[in-house]
Amino acid sequence: MMQGMSDVPEAPGSSEEVSFEIIASAGQARSLAFEALGYARDNNFVKARELIEESKKESLLAHRCQTHLLTQEASGDHVDVDVLLVHAQDHLMTAQLARELIEEIINLYEIKADKEIDSRGRCSK
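Residue indices follow the written sequence of each chain, beginning from 1 at its first position. The model is predicted, so local features are restricted to residues of pLDDT at least 70 and side-chain atom pairs to those at 80 or more, both for listing and for counting; the totals for chains, interfaces and linings are taken over all residues. For side-chain calculations, the full set of non-hydrogen atoms in the structure is used, while hydrogens and water are omitted.

To qualify as a helix, a DSSP run of H or I must reach at least 4 residues; to qualify as a strand, a run of E must reach at least 2; elements of each kind are numbered from the N terminus. Helix and strand counts for the chain stand at three helices and zero strands. Listing each helix as α and each strand as β along the chain from the N terminus yields α-α-α. Taken across its 125 residues, the chain has 33% of its residues classed as buried. Whether two residues are in contact is decided by their heavy atoms: any pair within 4.5 Å suffices. Taking contacts inside the chain between residues at least 6 apart in sequence as the whole, the part at least 24 apart equals 75%. Each accessible area is a Shrake-Rupley estimate made with a 1.4 Å probe; only the visible protein chains count as cover when residues are assessed. Carbon and sulfur atoms form 54% of the exposed surface of the chain, whose accessible area is close to 7800 Å². Burial classification: accessible surface area is computed with a 1.4 Å probe over protein chains only, and a residue below 20% of its type maximum counts as buried, one above 50% as exposed, and the rest as partly exposed.

Shown next, in the form of structure tokens:
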């Protein structure tokens, strides 16, 4: 186990296995973020925020796998960089960016919903 991360199992051994772990976790994080956006569009902000938190947890799992590779490389154990690892890194970065932008869109939906309530004195839905 990596120090300070005792609640997370150690990342798989090979670079290929780690790449697949990053892709899987990042993909799930991205899917959860877009699902949250759908709930926000329907003014269900509680569910949207719950899904964003789940997305962050999945993203953290992918990030920990990435950190495992960085630690391995820093300790002198060279990590081969292949197309799969590059794809995994790209997947993680785009998933994180998507979640960050979706969080901002959720905030805008919430502001819009609040203004609709204020202007009509009741919920417009």
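Back to the write-up after that little detour.
We now examine the environment of His87. Relative to the helices and strands, His87 is located in helix α3 (residues 83–120). Distance from His87 to Phe20, taken between C-alpha atoms, is 9.7 Å for residues 67 residues apart in sequence.

With that settled, consider a negative patch on the surface. A cluster of acidic side chains, namely Glu16, Glu17, Glu21, Glu73, Asp77, Asp80 and Asp82, defines a negative patch on the protein surface. The leading source of residues in the negative patch is helix α1 (residues 15–41), at three residues. Among the structural elements, Glu21 can be located in helix α1. For patch detection, residues must exceed 30% relative accessible area and be free of salt bridges, and they are connected within 9 Å for like charges or within 5 Å for nonpolar side chains (Val, Leu, Ile, Met, Phe, Trp, Tyr). Put simply, a salt bridge is a Lys or Arg side-chain nitrogen that is within 4 Å of an Asp or Glu carboxyl oxygen. Note on charges: Lys and Arg go in the positive column, Asp and Glu in the negative column, and His and the chain ends are not counted at all. A charge is said to be at NZ when it belongs to Lys, at CZ for Arg, at CG for Asp and at CD for Glu.

Another point: helix α2 (residues 45–74). Between its terminal C-alpha atoms α2 stretches 42 Å, which fits the 44 Å expected from 30 residues at 1.5 Å a residue. Phi for Gly76, located one or two positions after α2, is positive at around 100°. An expected span of 1.5 Å times one less than the residue number is assigned to each helix.

The next thing to look at is the side chain of Gln66. Positionally, Gln66 belongs in helix α2. Taking the relative accessible area as the measure of exposure, Gln66 reaches 17% and is therefore buried. The contacts of Gln66, once residues within four sequence positions are left out, are Ile22, Gln89 and Leu92.

So, about the confidence of the model for the chain. Mean pLDDT over the chain: 88, with 84% of residues reaching 70 or higher. Every residue gets a pLDDT, meaning the predictor's confidence in that residue, from 0 to 100. Mean pLDDT across the elements of the chain bottoms out in α3 (93) and peaks in α1 (96). Low pLDDT (under 50) marks residues 1–9, which in the prediction has 11 contacts with non-local residues, meaning those over four places away or in another chain.

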